[in-house]
Amino acid sequence: MNKKRILKYIVMFLLLALFFTVVCPIVPYEGDDWYFIGAMRQPIPYANAFNPSKVLPEIIEPLCGYFAAYILKPITGDYVLSLSLAASIFISALITLMTSLFNRFISSRFNLKKSTAFAYEILFLLSFFVIFKVETANSFYGFWSKSYNCYFNYLVPALANACLVLFMLKYEDFSLEFRNISYLKKGLFIVLAYLAIFSSIQLNIITASFVAILLLKKIYLFIKSKKKDFLGLIKDNYIYLIILIMWIIAVIYDLTGNRGKMVSSGSWLNFARFKDTVISLLYLYRLVYKPLIIITILSVGAIVFNAIRNKDFKDIIRLIKIIILIAINTLYIVILYMKAGSGYATRVDATWGILFYLIIFIIETFIICNKCYKITEVIIPIIIVLLSFVAFNFNHPFYQSVFDAKAAKAVDDYIINQIVEADKEGKISVEVKVPKHGESGSNWPQPYNMATWLQNTLYAHKITRNRMYIKFVPDEEVTNELLNKKYDNMFFFDFERSKYLK
């Protein structure tokens, strides 16, 4: 990798880190955040665990916690800020890796010049910020997640699987490439595939569906050739079989695990649940930015016209494969969330498989269209500039992972400071005032059992010297002081287009 390429990715990483630190900060706040950031599991699936197959997120999140506590905190002097920075750094690095792999994929498979590949790479990354952009209200973006813990449980698995797919996409026949590499590289790839598959039952379909399509194509060609060497077919494609077997094991683990038994008990194969899930999914994906849809439709139309004119349908077949992947991911998500709950289908992070292949489809239509009609390449810089202005127009900003990053940090600091002061005084138990949420129940997002989880995390991160018995005491005064802020009911006034102006 040359110096210019390295510098390009350093700049990209820094801009992403700035986004996740300043624009949309990732701040721990809920009970789950404080549990998983301080509790590392063994790197194998457990049948009786609450999350049987979530190996990757439940290793990476506490590792980020250690990085924050032992490396960043001595520099920043601020524990909660360090946790936020650690998540931002890791997420930004993973997005940068995905983007670089996308560049390698399109450069290799479409034989693009470096400058052209870079333009499409920027358009690929930009699409995640513009895809759900709404002109008159706050918007989701492609890297949004609903909490600190959810970033590791949804977005990290999604990005890991996307990176794996993009790495394989670089090669015309990855199974052939895999057979020719060293045993050490084979072992490394299998480990990375293992971590991607054993990350999230919702997101590992990104890899499983892609590998299934590749394997089905190989089986089809084998049958068509009328060969009878079935062992040879298995030997040539064993890496695909390994990945699919791992995926099946992960699905079985999750469906029979403790969490799988808890969600949506009873019969789930009914029309009402199907309808609710589909409506929820449409509620999110109806927000897809309309000009992007129009440009894509025009590009597809131009590609179809060129294919008919030249009687060459390779490009159409290529796009159909991506449509099939979108359909498989959509069907899988609908079936899964008929059991887990239709609310998941309204979330960007929980439906990322659809989003990923949708963006791949959009960018590939642009690339193929430009290949068919060279003159259209002049439009790409224009699209990049205009979409940049659209994506980063903060009159109506992106949704945050927490309601208010500053308020969330203030609550964290308030709670932790009480515990640290008690630890300095040598106390073995302490009653900690926390915001009161609702009149009864668990007091989520600072539930009573968070006291146990928080003491474990603070001790593991050497914030407290000793383990302590902590009891949460919800207090309405704390709520009023830290959370109940007064806001004006004014909305953004679009002076340029106001219909009230004469």
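Scroll up to find the structure.
Residues numbered from 1 in each chain as written. Predicted model: local features only at pLDDT ≥ 70, side-chain atom pairs only at ≥ 80, totals over all residues. Heavy atoms only, no water.

A. Geometry of the overall build of the protein. From N to C terminus, the protein includes 20 helices and 2 strands. Relative to the globule expectation of 23 Å for 502 residues, the C-alpha radius of gyration of the protein, 25 Å, shows essentially globular dimensions. Principal-axis analysis of the C-alpha atoms gives the protein an extent of 80 × 75 × 55 Å. Burial analysis of the protein (502 residues in total) assigns 50% to the buried set. If you sum the accessible surface of the protein, you get close to 25200 Å²; carbon and sulfur atoms cover 66% of it. (Helix = DSSP H or I, 4+ residues; strand = E, 2+ residues; numbered from the N terminus. Rg over C-alpha atoms; globule rule 2.2 N^0.38 Å. Buried < 20%, exposed > 50% of the residue type's maximum accessible area, 1.4 Å probe, protein only. Areas by Shrake-Rupley, 256 points an atom, 1.4 Å probe, with all protein chains shown as cover.)

B. Expanded view of unusual backbone geometry. For the bond running from Trp-444 to Pro-445, omega is 20 degrees, close enough to zero to count as cis. Mapped onto the secondary structure, Pro-445 falls in the loop between β1 (429-435) and α19 (450-460). The phi angle at Asn-443 is positive, at roughly 70 degrees, despite the residue not being glycine. Inspection of the secondary structure assignment puts Asn-443 in the loop between β1 and α19. Here Asn-443 falls in the buried class, since its relative accessible area comes to 4%.

C. Summary view of helix α5 (residues 114-130). For α5, with 17 residues, the first-to-last C-alpha span of 24 Å sits near the 24 Å given by 1.5 Å per residue. α5 sits mainly inside the fold: 12 of its 17 residues count as buried. Those residues of α5 that fall on the buried side of the exposure criterion are Thr-116, Ala-117, Tyr-120, Glu-121, Leu-123, Phe-124, Leu-125, Leu-126, Ser-127, Phe-128, Phe-129 and Val-130. Residues of α5 that are buried sit in contact with α1 (3-23), α4 (79-110), α14 (290-310), α16 (352-372) and α17 (379-391). (Expected span 1.5 Å × (residues − 1). Contact = heavy atoms within 4.5 Å.)

D. Looking closely at the packing of α14 against α16. Between α14 and α16, the least distance of the axes is 9 Å, while the angle of their chain directions is 45 degrees. Accordingly, the angle class assigned to the pair α14 and α16 is oblique. Every pair of crossing elements has a handedness; the one defined by α14 and α16 is left-handed. Residues Leu-292, Ile-295, Thr-296, Ser-299, Val-300, Ala-302, Ile-303 and Asn-306 of α14 touch α16, and the partners they reach there are Phe-361, Ile-362, Thr-365, Phe-366, Ile-368, Cys-369 and Cys-372. Each residue belonging to the contact of α14 with α16 can be placed in one class, and the counts come to 11 nonpolar, 4 polar and no charged. (Axes fitted to C-alpha atoms, helices over the stretch in contact; angles between N-to-C directions. Parallel < 35°, antiparallel > 145°, perpendicular 65-115°, else oblique. Left-handed = near helix turned anticlockwise from the far one by under 90°. Nonpolar A, V, L, I, M, F, W, Y, C, P; charged D, E, K, R; others polar.)

E. Focus on the environment of Tyr-289. Structurally, Tyr-289 can be placed in the loop between α13 (271-285) and α14. Residues Tyr-289 and Ile-131 lie 158 residues apart in sequence; the distance between their C-alpha atoms is 5.3 Å. If we skip the residues at most four places from it in the chain, Tyr-289 touches Val-130, Ile-131, Lys-133, Leu-387 and Val-390.

F. Structural context of α16. Taking 1.5 Å per residue as the helical rise, α16 with its 21 residues ought to reach 30 Å, and the 30 Å between its terminal C-alpha atoms agrees with that figure. Most of α16 sits inside the fold, with 18 of its 21 residues counted as buried.

G. Here's a closer look at the pattern of salt bridges. By the definition in use, this model includes 15 salt bridges. Taking the shortest distance from any N to any O, the salt bridge between Arg-109 and Glu-172 comes out at 3.3 Å. A residue pair is termed long-range when its members are at least 10 positions apart, and Arg-109 in helix α4 and Glu-172 in the loop between α6 (148-169) and α7 (174-180) qualify at 63 residues. For Glu-172, a relative accessible area of 64% translates into the label exposed. With a shortest N-O distance of 3.2 Å, Lys-218 and Asp-173 are connected by a salt bridge. Within this pair, whereas Lys-218 is found in helix α9 (residues 205-225), its partner Asp-173 is found in the loop between α6 and α7, the two being separated by 45 residues in sequence. Within this structure, Asp-78, Lys-409 and Asp-413 form a network of salt bridges that share partners. (Salt bridge = Lys/Arg side-chain N within 4 Å of Asp/Glu carboxyl O.)

H. Seen up close, the nonpolar core. In this structure, Met-98, Phe-132, Tyr-141, Phe-143, Trp-352, Phe-356 and Ile-363 are the most contacted members of the largest nonpolar core, which totals 158 residues. The element contributing the most residues to this core is α6, with 17 residues. The contacts of Trp-352, once residues within four sequence positions are left out, are Met-98, Phe-128, Gly-142, Phe-143, Leu-155, Ala-158, Leu-159, Ala-162, Leu-203 and Ile-206. (Core = buried A, V, L, I, M, F, W, Y, C linked by side-chain atoms within 4.5 Å.)

I. Expanded view of the packing of aromatic side chains. The final tally for this structure, using the stated rule, is 43 aromatic pairs. Ring centres of Phe-20 and Tyr-151 lie 6.2 Å apart, and the angle between their planes is 85 degrees; on these two criteria the pair is classed as edge-to-face. Residue Phe-20 is located in helix α1, and its partner Tyr-151 is located in helix α6; the two are separated by 131 residues in the primary sequence. In this pair, the class of Phe-20 matches that of Tyr-151, namely buried. Geometry around Phe-398 places Lys-133 over its ring, the cationic atom sitting 4.5 Å from the centre. Over the ring of Tyr-459 we find Lys-462, and its NZ or CZ is 5.5 Å from the ring centre. (Phe/Tyr/Trp six-rings, centres within 6.5 Å; stacked < 30°, edge-to-face > 60°. Lys NZ or Arg CZ within 6 Å of the ring centre and 35° of its normal.)

J. Quick look at a nonpolar patch on the surface. A cluster of nonpolar side chains, Ile-375, Val-378, Ile-379, Ile-382, Val-385, Leu-386 and Phe-389, forms an exposed patch at the surface whose accessible area comes to about 720 Å². With respect to the helices and strands, Ile-375 occurs in the loop between α16 and α17. What makes Ile-375 exposed here is its relative accessible area of 70%. (Patch = residues over 30% accessible without salt bridge, like charges linked within 9 Å, V, L, I, M, F, W, Y side chains within 5 Å.)

K. View of the side chain of Asp-315. Looking at the element boundaries, Asp-315 is found in helix α15 (residues 314-340). The contacts of Asp-315, once residues within four sequence positions are left out, are Ile-303, Ile-368, Lys-371 and Cys-372.

L. Spotlight on the packing of α5 against α16. Orientation of α5 relative to α16, taken along the N-to-C sense of each, is 145 degrees, at an axis distance of 10 Å. Between α5 and α16 the crossing geometry is right-handed. Contact residues: Tyr-120, Leu-123, Phe-124, Ser-127 and Phe-128 in α5; Trp-352, Leu-355, Phe-356, Ile-359, Ile-360, Ile-363, Phe-366, Ile-367 and Asn-370 in α16.

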